[in-house]
Amino acid sequence: MPSSNEQVSAQFLFRTYLSCHALHARKPVLLSALKLTEPELRDPRRWFNHHDIGKMIRVTQQELGRDDIQEDIARNMVPAGFSDAGYSAFFEHELGEVLESTLMAQGLGGLNPPYRFQRSIRGDRLFLNRDNLKSPNLIHLLFSLICQSALPWETERLNWVRAAHFGHSRPVGFQGLMRGKSIPCHFERPATYLEFLPGAFSITNPLQNSDLQIATRRQNRFLYDHSPGLQPLANLIYTYLLRLLDKPGLSLDAAARTLGIAERTLRRKLVAEGLSFRSILERVRRDTCKLYFLEGRRSLAEISTKLGYSELSAFTRAYSSWYGYPPSRGRTAAIAA
């Protein structure tokens, strides 16, 4: 359980780290600034101080020679698949539910969620609590992530985000929020919040998918209820694999290093629970495959890559071993249903 000084989950800090690297900040430089190793960032049990986000952004600014990069970092952090925390939020019923579920999934604020939503006839608002999130860099990053998550509901004539209000002073080099959208930004305000058009949170989501929501909630209950079929260590490995499924380097050895135990010890403990690293990985892939089939918008080749297979043929063999028929048949049946 995080302490009062630990406000950022490992998965959020890790995604920020990967995004900074994608912008060509060097991994050793980023890790040195954080005084952490990559396995420590991959550990789903870890929580970090919100100032670590600020450190990473400042180092990336120095590496790239640019001041205003939060929006570019956020763009790489918008969930793009079920291994990204918050992706299932995109299939909620209304925009307000999408944004709230997206924020909830990030793991921010430690024991106290650092945000609240307010619906009003004068305009819907999303407030951030500056007592929890004191880093201006983190606030800019979150506002950019939220605005970009709302893009599918916007048109050329209508931007749902009406203005941004910041409690801190204007940062050096700040060029605006969502460049090109002309969102007014106000600084040194009594509260920090995004202002939306009236009724924005009640807008029906064109991507809503109740079947997919039921499936993801069932998976979450399976993950966090410690059911008899999945003991605590296997639960941890499942969570670890789910968040890294579409990234390279998945192995028992890498998991052991992340958890800080010997590979042989991890293997022995899993065997004692009647499981293996391979069987848990197969279950993660099988469960996540169902979600992609329910989503119904991706090719089999893309789903194969998202599940961590190097080739479509490997995915086809695995799927056929699970169900006795090829994935093309399973995907067709899921879309029809």
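Heads up: these notes are all about the structure in this document. All of these numbers come straight from a predicted model, not from anything done at the bench.

Re the layout of surface pockets
Here is step 1 of the chain: Of the pockets and cavities examined, the second largest pocket occupies roughly 230 Å³.
Here is step 2 of the chain: As for the second largest pocket, its lining consists of 10 residues, of which A215, R218, Q219, D287 and K290 are closest to the centre.
Here is step 3 of the chain: Mapped onto the lining of the second largest pocket, the elements with two or more residues apiece are α8 (210-224) and α12 (277-295).
Here is step 4 of the chain: Here the lining of the second largest pocket gets six residues from one element, more than from any other, and that element is α12.
Here is step 5 of the chain: Its residues assigned to classes, the lining of the second largest pocket comprises four nonpolar, one polar and five charged.

Digging into the state of the cysteines
Here is step 1 of the chain: Counted under the stated rule, the structure contains zero disulfides.
Here is step 2 of the chain: With no disulfide of its own, C147 lies 8.5 Å from the sulfur of C185, the closest cysteine sulfur.
Here is step 3 of the chain: For C147, a relative accessible area of 1% corresponds to the buried category.

A few points about the sheet that holds strand β4 (residues 125-128)
Here is step 1 of the chain: Taken in spatial order, the five strands line up as β3-β4-β7-β5-β6 in an open sheet, and their pairing is mixed. The open sheet terminates on both sides in strands that have one partner only, identified here as β3 (115-118) and β6 (185-186).
Here is step 2 of the chain: Inspection of the sheet shows β4 paired to strand β7 (residues 192-196) by four bridges, in the antiparallel sense. Among the inter-strand pairings, R125 is bridged to a residue of β7, identified as E195.
Here is step 3 of the chain: Contacting β3, β4 and β7, helix α6 (residues 95-106) runs over the sheet at an angle of about 175° to β3.
Here is step 4 of the chain: Packed on one face of the sheet, helix α7 (residues 136-149) meets β4, β5 (161-165) and β7 and runs near 20° to β7.

About the criteria used
- Each chain has its residues counted from 1, following the order in which its sequence is written.
- Reporting in this predicted model follows two pLDDT cut-offs: at least 70 for local features of residues, and 80 or more for side-chain atom pairs to be given and counted; totals over whole chains, interfaces and linings ignore these cut-offs and use all residues.
- Think of the side-chain values as coming from all heavy atoms in the structure, minus any hydrogens and water.
- Site definitions follow a grid-based scheme: protein atoms alone, a 1 Å grid, a 1.4 Å probe that fits but cannot get out for cavities, and for pockets an open set with protein on both sides within 12 Å along at least five of seven lines, plus lining residues having an atom within 4 Å of a point.
- Grid points are joined across faces, edges and corners, and a volume is the space filled by probe spheres set on the points.
- By definition, any uninterrupted DSSP run of H or I lasting at least four residues is a helix, any uninterrupted run of E lasting at least two residues is a strand, and each is numbered from the N terminus.
- For this classification, the nonpolar set comprises Ala, Val, Leu, Ile, Met, Phe, Trp, Tyr, Cys and Pro, the charged set comprises Asp, Glu, Lys and Arg, and every other residue, Gly included, is treated as polar.
- In what follows, a disulfide is any cysteine sulfur pair within 2.5 Å.
- Three exposure classes are used, based on accessible area relative to the maximum for each residue type with a 1.4 Å probe and protein chains only: buried under 20%, partly exposed in between, and exposed over 50%.
- Pairing between strands requires that DSSP locate at least two bridges from one strand to the other.
- In this description, contact between two residues means that some pair of their heavy atoms is separated by no more than 4.5 Å.
- To obtain an axis, a line is fitted to C-alpha atoms, over the contacting stretch when the element is a helix, and the angle between two such axes runs from 0 to 180 degrees between their N-to-C directions.

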